[in-house]
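Here is what each chain is made of, one letter per residue.
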Amino acid sequence: MIFHVLTIFPEMFHGFLNESILKKAQGNGVIAIHIHDIRDFSEDKHRKVDDTPYGGGAGMIFTPQPLFDCIEHVKKLAPKAPVIYMTPKGIKLTQSRAEKLNTNFDQYILICGHYEGIDQRVIDELVDLEYSIGDYVLSGGEIPAMAMIDVLSRLVPGTLGNDESHREETFSKRLDRKKEYPHYTKPADFRGMKVPDVLLNGHHAEIEKWRRGQLK
Ligand code: ADE
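The structure displayed is predicted, hence computed values, not measured ones.

Considerations on the overall build of the protein
Scanning the protein from N- to C-terminus turns up 7 helices and 10 strands. Counting every position in the protein, which comprises 216 residues, the buried fraction comes to 40%. Sequence separation of at least 24 residues holds for 74% of the intrachain contacts in the protein that already meet a minimum separation of 6. As displayed, the protein offers around 12,600 Å² of accessible surface, 52% of which is attributable to carbon and sulfur atoms. Of the side chains in the protein, 28 bear a positive and 31 a negative charge, and the two mean positions are spaced by 7 Å.

Some remarks on the sheet that holds strand β8 (residues 129-132)
The strand order across the open sheet built from 5 strands is β2-β1-β6-β5-β8, with neighbouring strands paired in parallel fashion. What marks the edges here is a single partner per strand, and that holds for β2 (32-37) and β8. Pairwise comparison of adjacent strand axes, ignoring direction, gives a mean angle of 35° for this sheet. Across 6 bridges, the pairing between strand β1 (residues 2-7) and β2 is parallel. Across the sheet, the residue bridging to Ile-2 is Ala-32, located in β2.

Observations concerning the packing of aromatic side chains
A full pass over the atoms with the stated rule returns 2 aromatic pairs. When the centroid spacing of 5.5 Å and the interplanar angle of 20° are considered together, the rings of Phe-3 and Tyr-108 count as stacked. Placement of Phe-3 in strand β1 and of Tyr-108 in strand β6 (residues 107-112) is noted, with a sequence separation of 105 residues between them. When sorted by exposure, Phe-3 lands in the same class as Tyr-108, which is buried. Judged by centre distance (6.1 Å) and plane angle (70°), the ring pair of Phe-105 and Tyr-108 falls under edge-to-face. We classify Phe-105 as partly exposed; its relative accessible area is 24%. Take Tyr-108: its relative accessible area is 0%, and that puts it in the buried class.

Looking at the state of the cysteines
What the rule picks out here adds up to 0 disulfides. With no disulfide partner, Cys-70 has as its closest neighbouring cysteine sulfur the one in Cys-112, 10 Å distant.

A word on the domain arrangement of the protein
Domain annotation of the protein identifies domain 1 (2-153) and domain 2 (181-216). A straight line from the C-alpha centre of domain 1 to that of domain 2 covers 42 Å.

As for the nonpolar core
In this structure, Phe-3, Ile-31, Tyr-108, Leu-110, Met-148 and Leu-152 are the most contacted members of the largest nonpolar core, which totals 27 residues. Residue assignment for this core shows that the elements contributing at least two residues are β1, α1 (12-17), α2 (20-27), β5 (83-92), α4 (95-104), β6 and α6 (142-153). When residues in this core are grouped by element, the largest group, 6 residues, is from α6. Each residue touching Ile-31, except ones within four places of it in the same chain, is listed here: Met-1, Leu-22, Ala-25, Gln-26, Ser-153, Val-156 and Thr-159. Formed by 22 residues, the second largest nonpolar core is a distinct cluster that contains Leu-6, Ile-8, Ile-118 and Leu-126.

What to know about the pairing of β1
In terms of residue burial, β1 counts as a mostly covered element, since 5 of its 6 residues are buried. The sheet contact formed by β1 and β6 spans 5 bridges and is parallel. Bridged to Val-5 within β6 is Leu-110.

Cut-offs used in this document
Each chain has its residues counted from 1, running along the sequence as written. Where totals are concerned, whole chains, interfaces and linings use all residues; where local detail is concerned, this predicted model gives features only for residues with pLDDT of at least 70, and gives and counts side-chain atom pairs only at 80 or more. Hydrogen atoms and water are omitted, and side-chain values are computed over all heavy atoms in the structure. In this text, helices come from DSSP runs of H or I with a minimum length of four residues, and strands from runs of E with a minimum of two, each type numbered from the N-terminal end. Only protein chains enter the accessibility calculation, which uses a 1.4 Å probe; a residue is then buried when its area is under 20% of its type maximum, exposed when over 50%, and partly exposed in between. Residue contacts are defined here by distance: any two heavy atoms, one from each residue, within 4.5 Å place the two residues in contact. The Shrake-Rupley method, run with a 1.4 Å probe sphere, supplies the accessible areas, and residue values consider only the shown protein chains as cover. None of His or the chain ends enter the tally, which takes Lys and Arg as positive and Asp and Glu as negative. For charged residues, the charge sits on one atom: NZ in Lys, CZ in Arg, CG in Asp, CD in Glu. For two strands to be treated as a pair, DSSP must find at least two bridges joining them. Orientation is described by axes fitted as lines to C-alpha atoms, over the contacting stretch for helices, and by angles from 0 to 180 degrees between their N-to-C directions. Here the aromatic set is Phe, Tyr and Trp, taking the six-membered ring for Trp, and pairing holds for ring centres within 6.5 Å; pairs whose planes are under 30 degrees apart are stacked, those over 60 apart are edge-to-face, and all others are tilted. Throughout, disulfides are identified as pairs of cysteine sulfur atoms within 2.5 Å of each other. For each domain, the first and last residues come from an automatic or database assignment. For our purposes a nonpolar core is just a set of buried Ala, Val, Leu, Ile, Met, Phe, Trp, Tyr and Cys residues, chained together by side-chain atoms within 4.5 Å.

Shown next, in the form of structure tokens:
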């Protein structure tokens, strides 16, 4: 799976990409993530990418030129990738929508917005999908893009240590999209707080039944 991320803050991705599961997945070639600095495409000598909104109002808007040039450049690298704009106005990212995306695509172009948004002509001409990670407004699309990369990467076989582990978890199909059962590990008695007996007796059918009963 290949991600191309368009951002004005490339450094924000360094820590996120160089730790844990995503680091390993990139190391073993299961996923690749390319970060593109939108400012590199600005024709302005000060690398400006924003301007005031026509019609007035607060905040700044991404101008079309750097984004058009950056998206057109990246589309040549990933012609089959949908261009996805991360915005609170988009459709809500859910586990089942992520699974659907994963069935349809293995390359993605993610645009991180800032300020009050991006010029509508970019959306009309070049954006295929708009996704939100929740009904709240963040200061930029970088955290939403990271959420998108994380949820999609986990669906690729070979990303998680155990390929099955993305299946039986909260919101998975196997658990009827419900919130999963509680987990316990050793010790069986911690400060008098005991692990439910059913989990200790090794009776798999009973454990399964108990876990099913705990789904919410
Ligand atoms: N950009 C700012 N807030 C956002 C959100 N909630 N989802 C996606 N992109 C955003």
